[in-house]
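Architecture and fold: a report
Spelled out, the chains give:
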2 protein chains.
Amino acid sequence: MSDNNKIGTYKFVAEPFHVDFTGRLTLGVLGNHLLNCAGFHATDRGFGIAALNEDNYTWVLSRLAIELDEMPYQYEEFSIQTWVENVYRLFTDRNFALIDKEGRKTGYARSVWAMISMNTRKPADLLTLHDGGIMDYICDEPCPIGKPSRIKITSTEPVTSLIAKYSDIDINGHVNSIRYIEHILDLFPMEMYREKRIRRFEMAYVTESHYGDELNFFMDNAGNDMYDVEVKKNGGEVVCRSKVIFTKK
Amino acid sequence: MSDNNKIGTYKFVAEPFHVDFTGRLTLGVLGNHLLNCAGFHATDRGFGIAALNEDNYTWVLSRLAIELDEMPYQYEEFSIQTWVENVYRLFTDRNFALIDKEGRKTGYARSVWAMISMNTRKPADLLTLHDGGIMDYICDEPCPIGKPSRIKITSTEPVTSLIAKYSDIDINGHVNSIRYIEHILDLFPMEMYREKRIRRFEMAYVTESHYGDELNFFMDNAGNDMYDVEVKKNGGEVVCRSKVIFTKK
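Treat the numbers as computed from the prediction; the structure is a model and nothing was measured.

Points about the overall build of chain A
- Scanning chain A from N- to C-terminus turns up five helices and ten strands.
- Over its C-alpha atoms chain A spans a radius of gyration of 18 Å, differing by no more than 12% from the 18 Å that the globule rule assigns to 249 residues.
- Expressed as lengths along the three principal axes of its C-alpha atoms, the size of chain A is roughly 50 × 45 × 30 Å.
- Burial analysis of chain A (249 residues in total) assigns 57% to the buried set.
- The long-range share in chain A, meaning contacts at least 24 apart out of those at least 6 apart in sequence, stands at 71%.
- Summed over all atoms, the accessible surface of chain A reaches about 10,900 Å², with 47% contributed by carbon and sulfur.
- Positive and negative side-chain charges of chain A, numbering 29 and 36 respectively, have mean locations separated by a distance of 4 Å.

Following this line, the structure appears as structure tokens:
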């Protein structure tokens, strides 16, 4: 199979309500587009949610790392490419490139997914699924950013807490993956985004949270414009961890 | 000019992170699409933001009323039509229809816009703008829902308060119009959305709020599944008012 069909390319435009006060696309919206592209790419190739749902399987996002030189400005067109880098028994690595209106690659992302049975919540064996059909799409397109790292938080006092509300919840009854990104970015003051921009953002999704859960946000300033964040629910279990690295504009 | 060119039609699909826990498109996302369609329609006809910005004018949304029989379900395609109903000296009425995947009209919306100078903050005269060119697009397509009503709140104790954060702020430095919708919908418990759906939603945008403002939400239960909401900033000035009408599913 040619690499041409292995890589999916999808076009977007930076809509007015999808940019922040600096006029640049928000990271939450970019994350939403990345996850949609993952869905389009998998569906077009026969291993999307709809095909899997027949067998009661679903894709679950485990890790996400995004690294950016620049975000699209309001009304600018851009596109996202995505491809499968690796398939293991329990996980698959899917990568992305962000391409600006002039065709330059201005960012990359890495994601790690598992597939679970919605009946048993147990992971599926990706190597045997659909007779291993997903492996036909493995592609050696370069993705020159680091893999998601291990994030460790030492703070024991939350910087803020909130209760998960109606707008946070997705069709599965969980706080949606994008909302965590937005809540984490809201931990930083406006001045931070005025002087700096996010160069790298990582998320490790650990467990689900639900409507009415109290989400507690813990943050370590790791120095060098690097911040580690942990979200726990109801004073206990870890929901997700994130690393946010800023850089001067 | 034929009505064909007066009405703009735009296609969408209900994305996974744009539906709520019932699998239906959220009202905030629908609102975002409506405002985008208004932008596309105006731009294509020479009276969009970009054309106006040269003269330092911008469109300001004053009122929005949405009435729905049904919302698109996750992954369903739908389209939105929009047209100009009336042009007055200081305001213009723009209407919308929501069309489901089978071509049925399952909802309508009405909006009222003013145009202001970004230098003086004073309103422009729409009847003389671009030699009155906008009036060429007035269209008598029916919009069988009531106009935005006058909303009056009597409660003096806020049901909740929040501080406007990074994710709330748009490119103009204001809390964005869609975020108010989301914050207002978050006033209602999950059980409400489980048993009922929103039949009609109105917003009157009164003044802007900014990063760091405390937003106080006041709510009257007006009976018959009807709720009136007022948002004030910093304990004083009214920012917006909303009426939310639920109905049994």
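What about the environment of D125 of chain B?
Residues and elements named next belong to chain B.
- The residue D125 is located in the loop between β5 (105–117) and β6 (160–163) in this model.
- A relative accessible area of 26% means that D125 is categorised as partly exposed.
- Within the local environment of D125, its side chain forms a polar contact with the backbone nitrogen of L127, the two atoms lying 2.9 Å apart.

A short note on the sheet that holds β5 of chain B
Residue and element names in this part refer to chain B.
- The sheet built from ten strands is open, its strands ordered β1-β3-β4-β5-β2-β7-β10-β9-β8-β6 with antiparallel pairing. Edge positions in the sheet fall to β1 (8–13) and β6, since each has one partner strand and no second. Ignoring strand direction, the axes of neighbouring strands in this sheet form an average angle of 25°.
- Each of β1, β2 (57–68), β3 (77–87), β4 (92–99), β5 and β7 (196–205) touches helix α2 (residues 27–44); the most contacted strand, β3, lies at about 55° to it.
- Most of the contacts of helix α4 (residues 177–185) go to β7, to which it runs at about 135°, and overall it touches β2, β6, β7, β8 (214–223), β9 (226–233) and β10 (238–248).

Focus on the domain arrangement of chain A
Residue and element names in this part refer to chain A.
- Domain annotation for chain A reports domain 1 (3–137) and domain 2 (160–248).
- The gap between the C-alpha centroids of domain 1 and domain 2 is 20 Å.
- Taken together, the 18 residues of domain 1 in the interface contact 17 residues of domain 2.
- The contact between domain 1 and domain 2 buries some 1,500 Å² in all, and 60% of this surface belongs to carbon and sulfur atoms.
- Taken together, the connections running from domain 1 to domain 2 amount to two salt bridges.
- In this structure, R199 engages E67 in a salt bridge whose closest nitrogen and oxygen atoms are separated by 3.6 Å.
- Inspection of the domain 1/domain 2 interface yields seven residue pairs in polar contact (both at pLDDT 80 or more).
- Counting only elements with at least two residues in the side of domain 1 that touches domain 2, the list comes to α2 (27–44) and β2 (57–68).
- Tallied by class, the residues present in the side of domain 1 that touches domain 2 amount to eight nonpolar, five polar and five charged.

Let's talk about the side chain of E15 of chain A
- By the element assignment, E15 of chain A lies in the loop between β1 (8–13) and α2.
- For E15 of chain A, which is buried and forms no salt bridge, the nearest opposite charge comes from R179 of chain B, at a distance of 13 Å.
- In contact with E15 of chain A, other than residues within four places in its own chain, are N32 and N36 of chain B.

What to know about the interface of chain A and chain B
- At the interface, 33 residues of chain A touch 33 residues of chain B.
- Summing both partners gives a buried area of about 3,100 Å² for chain A against chain B, and 58% of it is carried by carbon and sulfur.
- Together, F17, Y166 and I171 of chain A form the three largest contributors to the area buried by chain A at its contact with chain B, with a combined 28%.
- Applying the counting rule to chain A against chain B returns two salt bridges.
- A salt bridge links R179 of chain B to E182 of chain A; the shortest N-O distance between them is 3.0 Å.

Cut-offs used in this document
- Residues numbered from 1 in each chain as written.
- Chains lettered and ligands numbered in written order.
- Predicted model: local features only at pLDDT ≥ 70, side-chain atom pairs only at ≥ 80, totals over all residues.
- Heavy atoms only, no water.
- Helix = DSSP H or I, 4+ residues; strand = E, 2+ residues; numbered from the N terminus.
- Rg over C-alpha atoms; globule rule 2.2 N^0.38 Å.
- Buried < 20%, exposed > 50% of the residue type's maximum accessible area, 1.4 Å probe, protein only.
- Contact = heavy atoms within 4.5 Å.
- Areas by Shrake-Rupley, 256 points an atom, 1.4 Å probe, with all protein chains shown as cover.
- Lys, Arg positive; Asp, Glu negative; His and termini not counted.
- Charge placed at Lys NZ, Arg CZ, Asp CG, Glu CD.
- Polar contact = N/O pair within 3.5 Å; in protein donor to acceptor, adjacent residues only side chain to side chain.
- Pairing = 2+ DSSP bridges.
- Axes fitted to C-alpha atoms, helices over the stretch in contact; angles between N-to-C directions.
- Domains from an automatic or database assignment.
- Buried area = accessible area lost by both parts, 1.4 Å probe.
- Salt bridge = Lys/Arg side-chain N within 4 Å of Asp/Glu carboxyl O.
- Nonpolar A, V, L, I, M, F, W, Y, C, P; charged D, E, K, R; others polar.

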